[in-house]
Amino acid sequence: MSNVIGGSIGGIERLSIVLHGFDLSAVAERYPRSEEGCKRLFDDIRQQLAPKGKPDYNPRSLWRRFCGTATSGAAFLAPFPDAKAFKFTAIMLVSPLPMSVSNWKRMDV
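Residues numbered from 1 in each chain as written. Predicted model: local features only at pLDDT ≥ 70, side-chain atom pairs only at ≥ 80, totals over all residues. Heavy atoms only, no water.

*Asks:* What is the right way to look at the overall build of the protein in this model?
*Replies:* Across its full length, the protein carries six helices and zero strands. Starting at the N terminus, the α and β elements of the protein follow one another as α-α-α-α-α-α. Expressed as a percentage of the 109 residues in the protein, the buried residues total 27%. Across the protein, every contact between residues at least 6 apart in sequence was considered, and the portion connecting residues at least 24 apart equals 50%. When the accessible area of the protein is evaluated, it comes to approximately 7,800 Å², of which 60% is carbon and sulfur surface. (Helix = DSSP H or I, 4+ residues; strand = E, 2+ residues; numbered from the N terminus. Buried < 20%, exposed > 50% of the residue type's maximum accessible area, 1.4 Å probe, protein only. Contact = heavy atoms within 4.5 Å. Areas by Shrake-Rupley, 256 points an atom, 1.4 Å probe, with all protein chains shown as cover.)

Written out as structure tokens, the structure is:
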């Protein structure tokens, strides 16, 4: 995906123009996790970065999937102030799982 998207706009780093320097909070605010936010991102990419070819926006298109991933990812990660906070939260959510699974008893059916 990054080769197709990046190749059509002159490099993936150019997305920083539309994605507010990759500031997740700004991206999540400008492009909410919704069809409207996804379409707005696509329109901004098309207008500001002028991708080569004929970018298509339909549920199966690569551009649509990229925009959906970008808006969802930004919405998910924006509440974390930094990678350390994300890692701590992820560990706290996942660490009880192995203990729970190890306490399961074999059930003969």
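Once you've had a look at it, read on.
*Asks:* Would you take a moment to explain the pattern of salt bridges for this structure?
*Replies:* Side chains that carry opposite charge are capable of pairing whenever their charged atoms lie near each other. Following the criterion strictly, the structure yields five salt bridges and no others. Between R64 and E35 there is a salt bridge, with its nearest N and O atoms 2.7 Å apart. A residue pair is termed long-range when its members are at least 10 positions apart, and R64 in helix α4 (residues 62-77) and E35 in helix α3 (residues 35-49) qualify at 29 residues. Residue classification places E35 among the partly exposed residues on the basis of a relative accessible area of 43%. The partner of K39 in a salt bridge is D43, with the nearest N and O atoms 2.9 Å apart. Pair noted here: K39 and D43 are both in helix α3, with a separation of four residues, about one helical turn. (Salt bridge = Lys/Arg side-chain N within 4 Å of Asp/Glu carboxyl O.)

*Asks:* I'm lost on the nonpolar core in this one. Help?
*Replies:* Looking at soluble globular proteins, one finds that nonpolar side chains tend to be buried together. Membership of the largest hydrophobic core comes to 17 residues, with the highest contact counts inside it found for L15, L41, I45, F66 and C67. In contact with L41, other than residues within four places in its own chain, are V18, L19, Y31, C67, A70 and T71. (Core = buried A, V, L, I, M, F, W, Y, C linked by side-chain atoms within 4.5 Å.)

*Asks:* Before we go on, may I ask you to explain the packing of aromatic side chains in this structure?
*Replies:* Aromatic ring pairs: the centre-centre distance and the angle between the two ring planes describe each pair. Counted under the stated rule, the structure contains four aromatic pairs. When the centroid spacing of 5.0 Å and the interplanar angle of 40° are considered together, the rings of F42 and Y57 count as tilted. Pair noted here: F42 is in helix α3 and Y57 is in the loop between α3 and α4, with a separation of 15 residues, a long-range link. Look at F42 and you get buried, because its relative accessible area is 2%. An aromatic cluster of three or more residues is present, and its members are F76, F80 and F86. The ring of Y57 is capped by K39, whose NZ or CZ atom sits 5.2 Å from the centre of that ring. (Phe/Tyr/Trp six-rings, centres within 6.5 Å; stacked < 30°, edge-to-face > 60°. Lys NZ or Arg CZ within 6 Å of the ring centre and 35° of its normal.)

*Asks:* So what exactly am I meant to see when it comes to a nonpolar patch on the surface here?
*Replies:* A surface patch of nonpolar side chains, amounting to about 330 Å² of accessible area, comprises L24, F76, L77 and F86. With respect to the helices and strands, the residue F86 is situated in helix α5 (residues 83-94). Given the relative accessible area of 31%, F86 is considered partly exposed. (Patch = residues over 30% accessible without salt bridge, like charges linked within 9 Å, V, L, I, M, F, W, Y side chains within 5 Å.)

*Asks:* Quick question: what am I supposed to make of α4 here?
*Replies:* Over its 16 residues, α4 extends 22 Å from the first C-alpha to the last, a length consistent with the 22 Å expected when each residue adds 1.5 Å. Of the positions making up α4, those classed as buried are W63, F66, C67, G68, A70, T71 and A74. (Expected span 1.5 Å × (residues − 1).)

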